[in-house]
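Structural overview
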Amino acid sequence: MKPVSFVRQVLAVCLYPELLKDNQLPLDVRQRAQRLLQACDGDSVGEDWKKVVVKLLAGVEGEIQTGVLTPTPGPHTLPKLLDECGVTMVPYQLMEDQGWALDLDDLHRALMVARGHCNPRAIYISNPGNPTGHVQDRKSIEEVIQFAAAERLLLLVDEVYQESVHGQGREFISYKKVLFEMGKEYSETVEMVSFHSVSSASFGECGLRAGYMEVVNMDPEVMHYVETLLCTNICAPVTGQLALDLMANPPKPGDSSYDTYTQELVLIRTTLSQNARRAQEFLNDLPGMSCQSAMGGIYLYPRLHLPSEIIEQAKKSEVEPDVLYCQRLLEGEGVLVGAGCQYGEKTGKHHLRLCTLVPPDTLDEVLARLGSFHLRLMSGTTSA
Amino acid sequence: MSQQAVNGVQSRGKVLTLDNMNPNVKQVYYAVRGPIVQRAVQIEKELKEGVKKPFTEVIKANIGDAHAMGQKPVTFLRQVLALCSYPELLEDTKFPEDAKKRARRILEACGGHSIGAYSASQGIECIRQDVARYIEKRDGGISSDPDNIFLSTGASDAIVTMLKLLVCGEGRDRTGVMISIPQYPLYSAALADLGAVQINYYLDEDKCWGLDVTELKRSLNAARQHCNPRVLCIINPGNPTGQVQSRQCIEDVIRFAKEEHLFLMADEVYQDNVYAEGCEFHSFKKVLFEMGPEYSNTVEMASFHSTSKCYMGECGFRGGYMEIINMDPEVKAQLIKLVSVRLCPPVPGQALLDLVVNPPQPDEPSYATFMKERTAVLAALAEKAKITEQIFNTVPGITCNPVQGAMYTFPRITLPQKAIDKAKAEGQAPDMLYCMRLLEEEGICLVPGSGFGQREGTFHFRMTILPPTEKLKIVLQKISAFHLRFTQEFS
């Protein structure tokens, strides 16, 4: 996908201020770069935001570990991150047949089980979900907030895909907004940290490594340590911070770049939404595969209903069946997708994670190859 | 349903408080951005709001941030970075061919030809190759394997990653890590965070902050009583002290590490910042290999470099790398896994690093300007190092070792007993009291020596030599005058 012109133009000027004199660059680009250059001395948020907050929650070694409730399926880097911080992962299962919605009963179950062997203190939410693409409705968000409040859990809300919502009739509502609309009883007490990033916004600037977190109701004495921990990282890369500012503060109607900027974003969003729909329909139609619609995010997470021979072969090779599937797909068709077991699935169900934020031609190619591979596999014509 | 849920939300204390947060984090201090800097930022806000003070600006000589103190970026570096950010500029005739060539090469190595794409977790391959070639050239041809190069988010990231790998064990078996006193507080902060045991070895102030193997031995033997020492960290050129270790010293340290079975971590981010006559940077790797296979095949080591210092000063880009030597292959696999969690170092920083290790050559159009700018920066630093030492040494009560390298001076200050007593009564380190006063009276922000570690009963401050020469002279005079006043007031 192409980077957004406005963002890259401003970055280029910030990097090489000689370009401030370049009349070929739009005026608003040069003005914005000028302003940002003047501001380059400010405070900042470190990039390892998740680690900073999780670290604070970790307990003393040797004593009962802190637990964090985490979604299954969920982001694949989460288990390693929690492990690194010495924190126990407490998985809660999302409901596949309800479009991967949260199950309040399962939250309670997970919590009860966890209390036996760790000290659960936080709950991690991914909304829109990674890898599921589920976008929570207001009621679900309220239930989670009430649950967190009642069970004294810190809310860690990963909202990095908030700009990628394409489901019909579904809108992204931030946890913070819902929290504050629930009245003082909640908005003044529930402790929450929400996260956003330039990697997953429409910009897709993963390589710049920047994001932000907003902290709500945290004990001010603890906040001091958040700042201390962030200091040792010095700062988030400045190029990333600049991109973040542009994300939060895009061209307005009347600015020279407004039209181009808006067109480019609309193109990215419609591509994503059309891709998601097209791919979901195609995959869902394949025998031995079922795929929930993604309401948001940049992935699809179809379920594989594999024949028993494949499951046997996987057992013999000592890998998970979905890993075997992905290995064969890679070798046979040159297509790389994620295996469901990486995202926490341990229930004997198998899934794939596929990225839909790609040019439409690429997606067509991927679907063609994946479809052909899958059909061969299902009809038993793919050899071990 | 839990009892709490049935009762609904009650007004109890917070879930996350000082009492129930990670206790290790409470031991983390980073003096370079600690309370004195917070006060400095506050004063800046007050100045902006029009509050009258004895000065019109705060001079932040606390952190090695060259650009923030007015150092200009190197043209060639910024041209290539601009081209990488907005490749349409490749059509622009304003940019020289050698800049375009490098930009194209970097973009080609990036996913989708964009610096916005994630890179491989270990860093972009062709850049690692360039880094390996740079190291080979620097070290007189000793080979460097690109697979042993890990690009990182500044050197800090790589240092913390290595420490994470090294720290293990419980109680008396807990890993001990040797660091110099004075040290750069990233190390003490990381060790506190990891719950590792910090083992202090003292640099000798009377011998220009030299390192003595006898002191290393003393410190190690004492430490063996209560922990399992496994790592030796050394910063060369030193921070905050600026000493440039002699070749002999480096050999001694390597020999010591081998004898005592220690993992060496060599922080060499200031390797281009060497000013004093008779001083030369010797990379730990080069010396190791020149000591023969008995050492070069066995001593395990990681050396670190960064784009934040030297002549570039590009702190904000967060570029850096580490080279690992003789690491157990199974541990290396774990390292690769560990770095994958953070996905990748910032790509603009990787691109910048590529230019640092692959600068314009004599036959290229940008060479002349590049060399002029590079030389100017390093020459200015050398001059400022000398002026600083000279001026401070004229002040009774301030003793300043020669600033052989890096970007700082760490002079020793004699404080009157009354001042020491006052500080202690207020629960403050005496040099913190001194620095806070200096900040309030003159608007100059330094970091007290207590933030870096110092021998008991001695006091220091760390000041950067980064302000432009004329401003630096004024700063030096103001500090000198302040010192005399302070001494007078508390006598």
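Residues numbered from 1 in each chain as written. Chains lettered and ligands numbered in written order. Predicted model: local features only at pLDDT ≥ 70, side-chain atom pairs only at ≥ 80, totals over all residues. Heavy atoms only, no water.

Here we look at the confidence of the model for chain A
As a reminder, the rule being used: A score between 0 and 100, pLDDT records how confident the predictor is in each residue. In what follows, a contact means two residues having at least one pair of non-hydrogen atoms within 4.5 Å.
Looking at chain A as a whole, the pLDDT averages 87, with 93% of positions reaching at least 70. Contacts of residues 41-47 of chain A to residues separated by more than four positions or lying in other chains number 16 contacts, the stretch itself having pLDDT below 50.

A few points about the pattern of salt bridges
Side chains carrying opposite charge are able to pair once their charged atoms draw close together. Residues and elements named next belong to chain B. Basically, it comes down to this: Think of a salt bridge as a Lys or Arg side-chain nitrogen and an Asp or Glu carboxyl oxygen that are within 4 Å of each other. Labels follow the DSSP assignment, with helices taken as runs of H or I lasting at least four residues and strands as runs of E lasting at least two, numbered in each case from the N terminus. Between buried and exposed lies partly exposed: a residue is buried under 20% and exposed over 50% of the maximum accessible area for its type, with that area taken using a 1.4 Å probe on protein chains only.
Scanning the entire structure with this criterion turns up 44 salt bridges over all chains. A salt bridge links Glu-44 to Lys-60; its shortest N-O distance comes to 3.1 Å. On the criterion of sequence distance, the pair formed by Glu-44 in helix α3 (residues 35-48) and Lys-60 in strand β1 (residues 59-60) is long-range, its members being 16 residues apart. Where Asp-130 meets Arg-105, a salt bridge forms, and the shortest distance between an N and an O atom there is 2.8 Å. Note that Asp-130 is positioned in helix α6 (residues 125-138) and Arg-105 in helix α5 (residues 97-108), a separation of 25 residues in sequence. Look at Asp-130 and you get buried, because its relative accessible area is 4%.

Remarks on the UniProt feature "domain: Aminotransferase class I/classII large" (unreviewed entry) in chain B
Selection rule: UniProt positions are given in the numbering used here, feature names are shortened, and annotations may be inferred rather than shown by experiment.
Taken from the UniProt record, the annotation "domain: Aminotransferase class I/classII large" (unreviewed entry) applies to residues 81-479 of chain B. Taken as a whole, residues 81-479 of chain B contains 43% helix and 15% strand, while its terminal C-alpha atoms sit 39 Å from one another.

With respect to the interface of chain A and chain B
Operational definition: Two parts placed together each lose some accessible area; with a 1.4 Å probe, that loss summed over both constitutes the buried area. Under the rule applied, a polar contact is a pair of N or O atoms within 3.5 Å (in protein, one hydrogen donor and one hydrogen acceptor; residues adjacent in sequence only if both atoms are side-chain atoms). Residues are sorted three ways: Asp, Glu, Lys and Arg are charged, Ala, Val, Leu, Ile, Met, Phe, Trp, Tyr, Cys and Pro are nonpolar, and all the rest, Gly among them, are polar.
Chain A puts 63 residues into the contact, and the matching count from chain B is 63 residues. For the pair chain A and chain B, the summed buried area comes to about 5,600 Å², and 59% of that belongs to carbon and sulfur atoms. The interface formed by chain A and chain B holds two salt bridges in total. For Lys-94 of chain B, the salt bridge is made with Asp-22 of chain A, and the minimal N-O distance between the two is 3.5 Å. Seen at the junction of chain A and chain B, the total is 16 residue pairs in polar contact (both at pLDDT 80 or more). Sorting the residues of the side of chain A that touches chain B by element identifies α1 (5-15), α3 (49-57), α4 (78-84), α6 (138-151), α8 (184-187), α9 (220-231) and α10 (238-248) of chain A as the ones contributing at least two each. At seven residues, the largest contribution of residues to the side of chain A that touches chain B is made by α1 of chain A. Partitioning the side of chain A that touches chain B into residue classes produces 30 nonpolar, 14 polar and 19 charged.

A word on α3 of chain B
Residue and element names in this part refer to chain B. Let me state the cut-off plainly: Here the expected span of a helix is defined as 1.5 Å times the quantity of residues minus one.
Compared with the 20 Å implied by 1.5 Å per residue over 14 residues, the 20 Å span of α3 between its first and last C-alpha is a close match. Buried within α3 are the following residues: Ile-36, Val-37, Arg-39, Ala-40, Ile-43, Glu-46 and Leu-47. Following α3 by one or two positions, Gly-50 has its phi on the positive side, about 95 degrees.

Concerning the packing of helix α4 (residues 75-85) of chain B against helix α14 (residues 347-357) of chain B
Residues and elements named next belong to chain B. Operational definition: Here an axis means a line fitted to C-alpha atoms, over the contact stretch when the element is a helix, while the angle between two N-to-C directions is reported on a 0 to 180 degree scale. Under this scheme an angle from 65 to 115 degrees is roughly perpendicular, one under 35 degrees roughly parallel, and one over 145 degrees roughly antiparallel; angles in between are oblique. When the near helix sits turned anticlockwise from the far one by under a right angle, the crossing is termed left-handed; a clockwise turn instead gives a right-handed crossing.
Relative to each other, α4 and α14 sit at 135 degrees, their axes nearing to 10 Å. Taken together, the axes of α4 and α14 lie oblique to each other. Along this stretch, α4 crosses α14, giving a crossing that reads as right-handed. The segment α4 lies against α14, with Phe-76, Leu-77, Val-80 and Leu-81 engaging Pro-348, Ala-351, Leu-352 and Leu-355. For the contact of α4 with α14, the residue count by class is eight nonpolar, no polar and no charged.

Things to note about empty space enclosed by the protein
Residues and elements named next belong to chain A. Stated formally: Using a 1 Å grid laid over the protein atoms alone, points where a 1.4 Å probe fits but cannot get out form a cavity; open sets with protein on both sides within 12 Å along at least 5 of 7 lines form a pocket; any residue with an atom within 4 Å of a point counts as lining. Grid points are joined across faces, edges and corners, and a volume is the space filled by probe spheres set on the points.
Considering all chains together, one arrives at seven cavities of 30 Å³ or more under this definition. Estimates place the volume of the largest cavity at around 80 Å³. Around the largest cavity, the lining comprises 14 residues; the ones closest to its centre are Leu-94, Leu-102, Ser-126, Gly-129 and Thr-132. Partitioning the lining of the largest cavity into residue classes produces seven nonpolar, seven polar and no charged.

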